[in-house]
Amino acid sequence: MRPLDFLGSIKLKLGVVIVAAVGVTVVVVLLGERAGLSPIVTGLAAAALALALVQVLAHGMTYPLREMAVAARAMARGEYGRRVTESSLDEVGELGRAFNRMAADLAEVDRVRRDLVANVSHELRTPLGALRAMLENLVDGVEPSDAASLDAMLQHVERLGNLVEQLLELSKLESGAVPLARAPVGVGALLDRVAAEWRPSTQARGIRLELEVDPPDLVLQADGARVHQVLANLVANAVRHSPDGGRVVVRARARSGAVALEVLDEGPGIPQAEAERVFERFYRSDQARSGDGGAGLGLAIARWIVELHDGTIRTEERTPHGCRMIVELPT
Ligand SMILES: Nc1ncnc2c1ncn2[C@@H]1O[C@H](COP(=O)(O)OP(=O)(O)OP(=O)(O)O)[C@@H](O)[C@H]1O
Ligand SMILES: [Mg+2]
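Draft legend 1. Spatial organisation of helix 4 (residues 91–140). If you check helix 4, its first and last C-alpha atoms are 72 Å apart, about what 50 residues at 1.5 Å a residue would give, namely 74 Å. Residues of helix 4 that are buried in the fold lie against helix 1 (10–34), helix 3 (63–76) and helix 5 (147–174). By the N-cap criterion, in which a side-chain oxygen at the helix start approaches the backbone nitrogen of a residue two or three places on, helix 4 is capped by aspartate 90, the distance to valine 92 being 3.1 Å. Backbone geometry just downstream of helix 4 places glycine 141 in the positive-phi region, at approximately 80°.

Written out as C-alpha cells, the structure is:
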C-alpha cells in the first residue's frame, strides 16, 4: 500500500509526513501527561509511533528510485525488459514514466540493431554461399571454367559489392554525415539523364519509358546527384516490376511550394497494407523475396534522401494495377 501516491508533488508528501509525525507526537505527549507517565517514557513512545507512521506514509516514495538503479544496471548488461513502478503522481513517478519510455525506446533500438545484423549476415551469406559452391565445383573440375560460369560468379560478386555500397550509403545517411549540396536543378535534364541510363534495359524488354515535365523549364532547389539517386531507385523498381511491353512514366509537376516527382508502372503494384513497410530497410514483399531482386534497401535510401530535403515519399496503388511512387520536394 502506498497511501500518498495520489499527491502530485514530493514537497507536499514530505509536508504531510512531517505534519502527521508532529501531530502523533503531540497527541502521545498529551495523553502521557494526562496518564501521569514520565516524560522519558512518553517521549520514547511518541518517537516510536512517529517513526512507525512515517514508515507507513512514506512507503513507496523512493522505491521507484531504487528500482531505477537496479533496472539501469540490468540495461548496462543488455537487458531492456525491466520497468519501474510508475503509480505515483509526483516527480519520482514522472521520472519513472520517463525511465520506462526510455527503456522501451532503447529496447526498440536494440531490436532494430539485431534485425539489421541478422539481415546483413543473411544477405551476405546467400551470394557468398553460391560463390563458394561455384568455386568448389571449378576447383574439383565438376564444372568447366567457361564464360558462363565465370559470368554467374561475377554477378554474385556484383551483388555483394552493391549490397556493401548500399549499406555504407544508408549508414552515412542515417548518421547525418551527408551534407546536401543544394543548387538549382533543371528537372527536365535530370529526368533525361535518368532515362538515358535505363533506355537499354527497357528497350530490351519492350518497356516504354516516358517522361513528362510540366512546365518544361521546371527547376528544383535540391542536391541534384541525390535526387538523381532517388529517381534511379524508383525507376529501377518500376522497370523490375513492369511486365514486358509495359509503360513506365516519370512525371514532374510544379505544385504550390513544391515539386512532385512521380514514377508510375503497370506491374502488380504495392498493396495498401505494405505501403509503409516497403520503405523499411530490407523489406521486400514475399514475391520479390523469391525472385532475384535486390536486398530491399533502395526505398529506405530514397526515403532518407527525400527526408533530408524536408520532402515526403509515398506510394499509391493504381487501378487496375500498377504502382505510383510520389516524391514531393519543397522548392
Ligand atoms: N514499383 C513497384 N512495384 C511493385 N512492388 C514494388 C515496387 N517498388 C518497390 N516494390 C516492393 O517494395 C520492396 C522494397 O523495394 P526496395 O527498392 O527498397 O528494394 P528492392 O528493389 O527489393 O531492392 P534494392 O532496391 O535494394 O535493389 C520491393 O522488394 C518490392 O516488394
Ligand atoms: Mg529497389
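Draft legend 2. Local environment of the site of ligand 1. Near ligand 1, the surroundings consist of 20 residues, among which Asn237, Arg240, Asp265, Leu297 and Leu299 are the closest. One of the side-chain nitrogen or oxygen atoms of serine 285 is found 2.9 Å away from an oxygen atom of ligand 1. Leucine 297 places a polar main-chain atom, nitrogen or oxygen, 2.8 Å from an oxygen atom of ligand 1. Contact with the protein chains covers 94% of the free accessible surface of ligand 1, which is 590 Å². Looking at the shell around ligand 1, the elements with two or more residues in it are helix 7 (224–241) and helix 9 (298–308). With 4 residues, helix 7 is the largest single contributor of residues to the shell around ligand 1. Looking at the shell around ligand 1 residue by residue, the classes come out as 9 nonpolar, 8 polar and 3 charged.

Draft legend 3. Quick peek at the side chain of glutamate 169. Checked against the element boundaries, glutamate 169 lands in helix 5. According to the relative accessible area criterion, glutamate 169 is buried, its value standing at 14%. When near neighbours in sequence (up to four residues on either side) are disregarded, glutamate 169 contacts Arg226, Gln229 and Ile301.

Draft legend 4. Summary view of the packing of helix 1 against helix 2 (residues 39–57). Following both chains from N to C, one finds helix 1 and helix 2 inclined at 150°, their axes separated by 8 Å at the closest point. As judged from the angle between their axes, helix 1 and helix 2 are roughly antiparallel. In the crossing of helix 1 with helix 2, the sense of the turn from one axis to the other is right-handed. Here Val17, Ala20, Ala21, Val24, Thr25, Val28, Val29, Gly32 and Glu33 of helix 1 lie close against helix 2, whose contacting residues are Thr42, Ala45, Ala46, Leu49, Ala50, Leu53, Val54 and Leu57.

Draft legend 5. Layout of the nonpolar core. Counting 48 residues, the largest nonpolar core has Leu231, Leu261 and Val263 as the members making the most contacts within it. Looking at this core, the elements with two or more residues in it are helix 5, helix 6 (187–204), strand 3 (219–222), helix 7, strand 4 (247–255), strand 5 (258–265), helix 9 and strand 7 (323–330). In terms of residue count, helix 7 provides more of this core than any other element does, 7 residues in total. The contact partners of leucine 261, leaving out residues within four places of it in the chain, are Val187, Val227, Leu231, Arg251, Ala252, Met325, Ile326, Val327 and Leu329. Counting residues in each nonpolar core, the second largest holds 6 residues, with Ala71, Val84, Phe99 and Ala103 among its members.

Thresholds applied
- Residues numbered from 1 in each chain as written.
- Chains lettered and ligands numbered in written order.
- Predicted model: local features only at pLDDT ≥ 70, side-chain atom pairs only at ≥ 80, totals over all residues.
- Heavy atoms only, no water.
- Helix = DSSP H or I, 4+ residues; strand = E, 2+ residues; numbered from the N terminus.
- Expected span 1.5 Å × (residues − 1).
- Contact = heavy atoms within 4.5 Å.
- Polar contact = N/O pair within 3.5 Å; in protein donor to acceptor, adjacent residues only side chain to side chain.
- Near = heavy atom within 4 Å.
- Areas by Shrake-Rupley, 256 points an atom, 1.4 Å probe, with all protein chains shown as cover.
- Nonpolar A, V, L, I, M, F, W, Y, C, P; charged D, E, K, R; others polar.
- Buried < 20%, exposed > 50% of the residue type's maximum accessible area, 1.4 Å probe, protein only.
- Axes fitted to C-alpha atoms, helices over the stretch in contact; angles between N-to-C directions.
- Parallel < 35°, antiparallel > 145°, perpendicular 65-115°, else oblique.
- Left-handed = near helix turned anticlockwise from the far one by under 90°.
- Core = buried A, V, L, I, M, F, W, Y, C linked by side-chain atoms within 4.5 Å.

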